[in-house]
Amino acid sequence: SNQHFGISDNQLKWRPEDKKRDACVDFETVSLGDAAMAPLHKCTTEVLPIGSETARSDSGETVPASFMLRNSKIQSTNGACAMAVGSGSEESASGFDFQFQSCDEHVDNQ
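Notes on the structure follow.

1. Remarks on the overall build of the protein
- From N to C terminus, the protein includes zero helices and ten strands.
- Secondary structure elements in the protein, listed N-terminal to C-terminal, are β-β-β-β-β-β-β-β-β-β.
- Sequence-distant contacts in the protein: of pairs separated by 6 or more residues, those separated by 24 or more amount to 33%.
- With the model as given, the accessible surface of the protein reaches about 8900 Å², and the carbon-plus-sulfur share is 50%.

Listed below in structure tokens is the structure:
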């Protein structure tokens, strides 16, 4: 049978007798949404500074030197934060894509 599960070491394992292909059932972080461009009047994602260090943008504006992106409209305890994740897409120049996932509990809801 291709779907052979067994319990050992307090885990639900797939093919526990085959050490070359063994695996266990585990949690996978689910993306709450992919990042996309939106018209400015529809933006619901905000920049949250990390620390107090600042930098100057090309337009001369003072901006946070380090920041995270958070969308508080997505139904998640602390909102959803954008993070770079590996991309298998040939369209990704950097090899990364932005995805929104639940923010860590230390992120304040502002």
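2. Looking at the pattern of salt bridges
- Summed over all chains, the structure comprises one salt bridge.
- For E46, the salt bridge is made with R70, and the minimal N-O distance between the two is 2.8 Å. Of this pair, E46 sits in strand β5 (residues 45-49) while R70 sits in strand β8 (residues 67-71); the two residues are 24 residues apart in sequence, bridging distant segments of the chain.
- Looking at E46, the relative accessible area reads 29%, which means it is partly exposed.

3. Brief notes about the state of the cysteines
- This structure, assessed with the given rule, holds one disulfide.
- One disulfide in the model links C81 with C103; its S-S distance is 2.0 Å. Its S-S torsion of approximately 105° makes the covalent link between C81 and C103 right-handed. Taken together, the residues span a long stretch of sequence, with C81 in strand β9 (residues 80-86) and C103 in the segment after β10 (96-102) at a distance of 22 residues.

4. Topic: a nonpolar patch on the surface
- A cluster of nonpolar side chains, contributed by I7, L12 and V25, occupies part of the molecular surface with about 300 Å² of accessible area.
- Here L12 lies in strand β2 (residues 11-14).
- Overall, L12 belongs to the partly exposed group, its relative accessible area being 37%.

5. Digging into the layout of surface pockets
- In this structure, the largest pocket spans a volume of roughly 460 Å³.
- Surrounding the largest pocket, 19 residues form its lining, A35, A36, C43, T45 and F100 being those nearest its centre.
- Contributing elements (two or more residues each) for the lining of the largest pocket: β4 (33-34), β5, β8 and β10.
- Taken together, the residues of the lining of the largest pocket break down into twelve nonpolar, four polar and three charged.

6. Regarding the sheet that holds β8
- Spatial ordering of the open sheet is given by β4-β10-β9-β8-β5, a layout of five strands whose pairing is antiparallel. In the strand order of this sheet, the two ends are held by β4 and β5, each with one partner.
- Looking at chain direction, β9 and β10 are connected through seven bridges and run antiparallel. Looking at the pairing, M83 lines up with Q99 of β10.

7. A short note on the pairing of β9
- Judged from the two bridges that link them, β8 and β9 form a sheet pairing that is antiparallel. By the bridge assignment for β9, R70 is matched with C81.

Scoring rules and cut-offs
Residues numbered from 1 in each chain as written. Predicted model: local features only at pLDDT ≥ 70, side-chain atom pairs only at ≥ 80, totals over all residues. Heavy atoms only, no water. Helix = DSSP H or I, 4+ residues; strand = E, 2+ residues; numbered from the N terminus. Contact = heavy atoms within 4.5 Å. Areas by Shrake-Rupley, 256 points an atom, 1.4 Å probe, with all protein chains shown as cover. Salt bridge = Lys/Arg side-chain N within 4 Å of Asp/Glu carboxyl O. Buried < 20%, exposed > 50% of the residue type's maximum accessible area, 1.4 Å probe, protein only. Disulfide = S-S within 2.5 Å. Patch = residues over 30% accessible without salt bridge, like charges linked within 9 Å, V, L, I, M, F, W, Y side chains within 5 Å. 1 Å grid on protein atoms, 1.4 Å probe; cavity = no way out; pocket = protein on both sides within 12 Å on 5 of 7 lines; lining within 4 Å. Points joined across faces, edges and corners; volume = space filled by probe spheres on them. Nonpolar A, V, L, I, M, F, W, Y, C, P; charged D, E, K, R; others polar. Pairing = 2+ DSSP bridges.

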